Amino acid sequence: MEFEGDLKTLENLLKSAGRILMKYYQRDDLRIQQKKDDSLVTEADLASEKAIIEALSTHYPDDKIYAEESGLSSSSRQVGSYIWIIDPLDGTTNFSNNYPFFCISVARGVFTEAGSIEIILGGVYDPVRDECFLSERGEGAWCNGKPIKVRDNRPPEEGFIVTGFSYHKGPELEKDIKRFLNVAEKCQSIRRDGAAALDLAYVGMGIYDGYWEFGLRPWDIAAGSLIVTEAGGYVYDPDQGANSFNPESEGILCGNKTMSEYLRSKM
């Protein structure tokens, strides 16, 4: 499928940022800093984010921007106005350690009457494998132009799922481990890949049956949550009830119907 309009712009933007990341990948002189929350930021994150923001500011000068490293351009939530939510390098720790599992995540949302954000476009790009996941609300989800869908339902005992632990310490880490054990009792296999947006894209592609993680931020999950939904999956805030998810949730639980229901019962 050849994309047009906003989807084409998003595809071009993601691939351009991907080329920037690959210029820094596996460099011995990569500059790395530790942030207050113990996560990492590199010069690659900053270069990618700068290029994305410059492109969006050119194409969508009236839209707000919420980026991991630069923050929020405006706190105004005018109904019907648009906002871009950006993770210029999801999986920075992987990237810094030459582990080839990272991506760029960019989503466009619109403010609703309730003041929440409804994601209408989502894109995740893996520059290592040259896989570009795109989604548009009500239109579907694709990988490199081909439609994707979540894995068909199967028993949890056959489940192949993914999770993540954030930079939690102490009681929060203990909660993460307890949830892991609750799920691992039954599921066939669990992975921890370290890049939430790409994990979500893999759920949408039908590789994983499901995914959950706590302690996330909007840029981690905004684009990927739409990819899963448009690929036929179910997405929830694990701390809330059904149909509760919004991109500003601090956690996510998703998958096909069977796995999402199983995961909800274990949280």
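Located above this text is the structure these notes cover.
Residues numbered from 1 in each chain as written. Predicted model: local features only at pLDDT ≥ 70, side-chain atom pairs only at ≥ 80, totals over all residues. Heavy atoms only, no water.

What is the right way to look at the overall build of the protein in this model?
Each helix and strand in the protein was counted, giving 7 helices and 15 strands. Computed over its C-alpha atoms, the radius of gyration of the protein comes to 17 Å, within 12% of the 18 Å expected for a compact globule of 267 residues. On the principal axes, the C-alpha backbone points of the protein span a range of 50 × 45 × 35 Å. Each of the 267 residues in the protein was classed as buried or not, and the buried ones make up 54%. Within the protein, counting contacts between residues at least 6 apart in sequence, those at least 24 apart form 64% of the total. Accessible surface, the protein as shown: approximately 12100 Å² in total, 45% of it carbon and sulfur. A distance of 2 Å separates the average location of the 29 positive side-chain charges in the protein from that of its 43 negative side-chain charges. (Helix = DSSP H or I, 4+ residues; strand = E, 2+ residues; numbered from the N terminus. Rg over C-alpha atoms; globule rule 2.2 N^0.38 Å. Buried < 20%, exposed > 50% of the residue type's maximum accessible area, 1.4 Å probe, protein only. Contact = heavy atoms within 4.5 Å. Areas by Shrake-Rupley, 256 points an atom, 1.4 Å probe, with all protein chains shown as cover. Lys, Arg positive; Asp, Glu negative; His and termini not counted. Charge placed at Lys NZ, Arg CZ, Asp CG, Glu CD.)

Just to check I follow, could you spell out the packing of aromatic side chains for this structure?
The geometry of an aromatic ring pair is captured by the separation of the ring centres together with the interplanar angle, meaning the angle of the planes. Applying the stated criterion to the full structure yields 11 aromatic pairs. Measuring from centroid to centroid gives 5.0 Å for tyrosine 60 and tryptophan 84, while their planes differ by 50°, and the two rings are tilted. A residue pair is termed long-range when its members are at least 10 positions apart, and tyrosine 60 in the loop between α2 (43-59) and β3 (64-67) and tryptophan 84 in strand β5 (residues 82-90) qualify at 24 residues. Across the pair, exposure class does not vary: tyrosine 60 and tryptophan 84 are buried alike. Taking the centre distance of 6.4 Å and the plane angle of 55° together, the rings of phenylalanine 133 and tyrosine 202 count as tilted. (Phe/Tyr/Trp six-rings, centres within 6.5 Å; stacked < 30°, edge-to-face > 60°.)

Where do I start with the packing of helix α1 (residues 5-24) against α2 in this structure?
Axis angle and axis distance: for two packed helices, these are the angle between their axes and the distance between the axes, and together they describe the pair. Across the interface, α1 lies against α2 with an axial gap of 9 Å and an inter-helix angle of 155°. For the element pair α1 / α2, the angle class is roughly antiparallel. Considering only the axes of α1 and α2, their crossing is right-handed. Only Glu43, Ala44, Ala47, Ser48, Ala51, Ile52, Ala55, Leu56 and His59 of α2 make contact with α1, whose side of the interface consists of Thr9, Leu13, Ala17, Ile20, Leu21 and Tyr24. Tallied by class, the residues present in the contact of α1 with α2 amount to 11 nonpolar, 3 polar and 1 charged. (Axes fitted to C-alpha atoms, helices over the stretch in contact; angles between N-to-C directions. Parallel < 35°, antiparallel > 145°, perpendicular 65-115°, else oblique. Left-handed = near helix turned anticlockwise from the far one by under 90°. Nonpolar A, V, L, I, M, F, W, Y, C, P; charged D, E, K, R; others polar.)

Which parts of the structure should I look at to understand helix α5 (residues 196-204)?
Quick reminder: α-helices carry 3.6 residues per turn. Residues three or four places apart thus point the same way. Buried residues dominate α5, accounting for 9 of its 9 residues. Buried residues of α5: Ala196, Ala197, Leu198, Asp199, Leu200, Ala201, Tyr202, Val203 and Gly204, and no others. Positive phi shows up at glycine 206, right after α5, with a value of about 85°.

Looking at this structure, I do not really get the pairing of strand β15 (residues 251-255). What am I missing?
Residues in a regular strand project their side chains so that they alternate between the two faces of the sheet. Across the 5 residues that make up β15, a large majority, 5, are buried. Across 3 bridges, strand β14 (residues 234-236) lies against β15 in antiparallel orientation. Each bridged residue has a counterpart across the sheet, and for tyrosine 234 the counterpart in β15 is glycine 255. (Pairing = 2+ DSSP bridges.)

Honestly, the state of the cysteines in this entry has me stumped. Any pointers?
Simply put, disulfide is the name for a covalent bond between the sulfur atoms of two cysteines. Here the structure, examined in full by the defined rule, presents 0 disulfides. With no disulfide partner, cysteine 143 has as its closest neighbouring cysteine sulfur the one in cysteine 132, 7.8 Å distant. The thiol of cysteine 187 is unpaired, and the distance to the nearest cysteine sulfur, on cysteine 254, comes to 13 Å. (Disulfide = S-S within 2.5 Å.)

I would appreciate a short explanation of the pattern of salt bridges in the present structure.
Side chains that differ in sign of charge can pair as their charged atoms come close. The full count for this structure, using the stated rule, is 16 salt bridges. Note that lysine 8 is salt-bridged to glutamate 11, the shortest N-O span being 3.1 Å. A residue pair is termed a helical-turn pair when its members lie 3 or 4 positions apart in one helix, as lysine 8 and glutamate 11 do in helix α1 at 3 residues. On the accessibility criterion, lysine 8 (28% relative accessible area) is partly exposed. Connected through shared salt-bridge partners, Asp6, Asp63 and Arg108 make up one network. (Salt bridge = Lys/Arg side-chain N within 4 Å of Asp/Glu carboxyl O.)

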